[in-house]
Amino acid sequence: HSEERRKRTKTSVMSMRPVATWVERVVRLGLISERRNQFVVIADTDGQPTPVYSLAFSPDGSQIVAAVGSKVVIYNAADGDVIQALKAHNDTVYCVAYSADGKYFASGDADKAVIIWTSQCEAVRKYTHGSSIQCLAFNPMNGTLCSGTHTDFGLMPAEQRSVSKHRVSARIFAVDGHQMGNGL
């Protein structure tokens, strides 16, 4: 077990190096800074630091989607350049997630809204919950989006416009797409 754990740790550390390199570069460029062990993006409007609440890599690893204040910011993962800043939310964006096929990503905010975007950064669907969105996950098997709040979760199957909502704590899909965990 010790040898296997060492190999996994080495692989994990090695796979994290591109993220560390990206963070180092954007810190050098002044796009983000580290304060109190939290990375923040330097806002371009009022100069105040804005927390980065969530990050998600595109499945091919070429882009990073970030929840930054009330914006969804798409970065080039190789060089840290901003590709686009999306301003469709009315309040703080808490979470982002990418679909396994790379066709869509989603963002959820404190104003109870979930927005589903195409990979070309076009908003294609929007729906709301009764409270702020705390987590998002796409089922890697069928593309269903799961959105969770502290009071319920919603399931929106791919290619459908209806959301089924269920009153419980937040849920998230397991990596294999067959199970969901329930946070009580």
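Scroll up to find the structure.
All residue numbers here refer to positions counted from 1 along the written sequence of the relevant chain. Given that the model is predicted, a residue must reach a pLDDT of at least 70 before its local features are reported, and side-chain atom pairs must reach 80 or more before they are shown or counted; all residues, however, enter totals for whole chains, interfaces and linings. The basis for every side-chain value is the complete set of heavy atoms in the structure, and neither hydrogens nor water enter the calculation.

Trainee: Can you lay out the environment of Gln120 for me, pointing to particular residues and giving the numbers?
Mentor: Per the convention used, a helix needs a DSSP run of H or I reaching at least four residues, while a strand needs a run of E reaching at least two, with both numbered from the N terminus. Note on placement: Gln120 falls in the loop between β9 (113-118) and β10 (123-128). Only protein chains enter the area calculation, which uses a 1.4 Å probe; residues under 20% of their type maximum are buried, those over 50% are exposed, and those in between are partly exposed. Gln120 gets classed as exposed once you look at its relative accessible area, which sits at 55%. As for Gln120 and Phe105, which are separated by 15 residues in sequence, their C-alpha atoms are 9.9 Å apart.

Trainee: Explain the sheet that holds β9 to me, and be specific about the residues and the numbers.
Mentor: Ordered in space as β7-β8-β9-β10, the 4 strands form an open sheet in which the pairing is antiparallel. Looking along the sheet, the strands with just one partner apiece sit at the ends: β7 (93-98) and β10. On average, adjacent strands in this sheet sit at an angle of 15° to one another, irrespective of strand direction. Strands are treated as partners if at least two bridges between them are detected by DSSP. Each axis is a line fitted through C-alpha atoms, and for a helix only the stretch in contact is used; angles between axes span 0 to 180 degrees, taken between their N-to-C directions.

Trainee: A description of the sheet that holds strand β11 (residues 135-138) should follow, citing residues and the corresponding values.
Mentor: To summarise the sheet geometry, strands pair through backbone hydrogen bonds and adopt either a parallel or an antiparallel arrangement. Strands sit in the order β11-β12-β13-β14 across an open sheet of 4 strands; the sheet is antiparallel. Each edge of the open sheet is held by one strand with a lone partner, namely β11 and β14 (164-166). Here the strands of the sheet are splayed against their neighbours by 15° on average, with no regard to which way each runs. Judged from the 3 bridges that link them, strand β13 (residues 153-156) and β14 form a sheet pairing that is antiparallel. For Gly154, the partnering residue across the bridge sits in β14 and is Lys165.

Trainee: Talk me through the packing of aromatic side chains; I want residue IDs and the actual numbers.
Mentor: Stacked, edge-to-face and tilted are the three classes for Phe, Tyr and Trp ring pairs, Trp counted by its six-membered ring, which pair at centre distances within 6.5 Å; planes under 30 degrees apart are stacked, over 60 edge-to-face, the rest tilted. With the rule as written, the count across this model stands at 3 aromatic pairs. When the centroid spacing of 5.3 Å and the interplanar angle of 80° are considered together, the rings of Tyr53 and Tyr94 count as edge-to-face. In this pair, Tyr53 is assigned in strand β3 (residues 49-57) and Tyr94 in strand β7, connecting sequence segments 41 residues apart. We classify Tyr53 as partly exposed; its relative accessible area is 41%.

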